[in-house]
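Topology and contacts: notes
The lines below spell out each chain.
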Amino acid sequence: MSEFTRPLEDLGKDAAEYVDLRVNDLKLRTVKGLSMTLGKLLYMLLVLFVVSLVLTALAIGGVLWIGEMVGSYAGGAAIVGGVFLLVLAILILLRKKLFRNTFVPMFIKLFFDDDK
């Protein structure tokens, strides 16, 4: 091997090593982002499950309490259902502000945040 071609071979090896390191860096960032996202998703699902149980218990209690007050459990159920419809309407009206403007920056920060 001549002295003239040796630096070119070293440059080729260095370039291949650099590409491998960049691919490994991309894999690590992807794994980090996915694991953090999955962890937050599972946490949110658990919170959603507990909140739904609490809301169900409160709704049943509200139906019974309001039903006793108005003299009709069906009326109590209708009032509680109306409250939930009102909350749903508010959530639909504010969906962009509550969800898109919240989650898009969070995912951008998760996947594109440079710790360097």
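Since we're looking at a predicted model, the values are computed, not measured.

**Description of the overall build of the chain**
Of the regular secondary structure elements, the chain holds three helices and zero strands. Going residue by residue from the N terminus, the α and β elements of the chain occur as α-α-α. In summary, the chain has a C-alpha radius of gyration of 28 Å against a globular reference of 13 Å for 116 residues, an excess of more than 25%. Dimensions of the chain, computed from the C-alpha atoms along their principal axes, are close to 100 × 25 × 20 Å. Here the chain holds 116 residues, and the buried ones make up 9% of them. Taking contacts inside the chain between residues at least 6 apart in sequence as the whole, the part at least 24 apart equals 48%.

**Description of the pattern of salt bridges**
Once their charged atoms are close, side chains differing in charge can pair, the charge on each being opposite to the other. Per the stated rule, a full pass over the model turns up two salt bridges. Asp 25 serves as the salt-bridge partner of Arg 22, at 3.9 Å between the closest nitrogen and oxygen. You can see Arg 22 and its partner Asp 25 sitting in helix H1 (residues 6–70), three residues apart, about one turn around the helix. Classification of Asp 25 by relative accessible area gives partly exposed; the value is 24%. Ionic pairing is found between Asp 25 and Arg 29, a salt bridge with its closest N-O pair at 3.3 Å. With Asp 25 and Arg 29 both in helix H1, this residue pair falls four residues apart, about one helical turn.

**Some remarks on the side chain of Thr 37**
Secondary-structure assignment places Thr 37 in helix H1. A distance of 2.7 Å separates the side chain of Thr 37 from the backbone oxygen of Gly 33, its partner in a polar contact.

**Here we look at H1**
Its 65 residues place the ends of H1 93 Å apart at the C-alpha level, agreeing with the 96 Å of an ideal helix rising 1.5 Å per residue. Within the sequence span of H1, burial applies to Gly 33, Thr 37, Ala 59, Gly 62, Val 63, Ile 66 and Gly 67.

Rules used in this analysis
Residues numbered from 1 in each chain as written. Predicted model: local features only at pLDDT ≥ 70, side-chain atom pairs only at ≥ 80, totals over all residues. Heavy atoms only, no water. Helix = DSSP H or I, 4+ residues; strand = E, 2+ residues; numbered from the N terminus. Rg over C-alpha atoms; globule rule 2.2 N^0.38 Å. Buried < 20%, exposed > 50% of the residue type's maximum accessible area, 1.4 Å probe, protein only. Contact = heavy atoms within 4.5 Å. Salt bridge = Lys/Arg side-chain N within 4 Å of Asp/Glu carboxyl O. Polar contact = N/O pair within 3.5 Å; in protein donor to acceptor, adjacent residues only side chain to side chain. Expected span 1.5 Å × (residues − 1).

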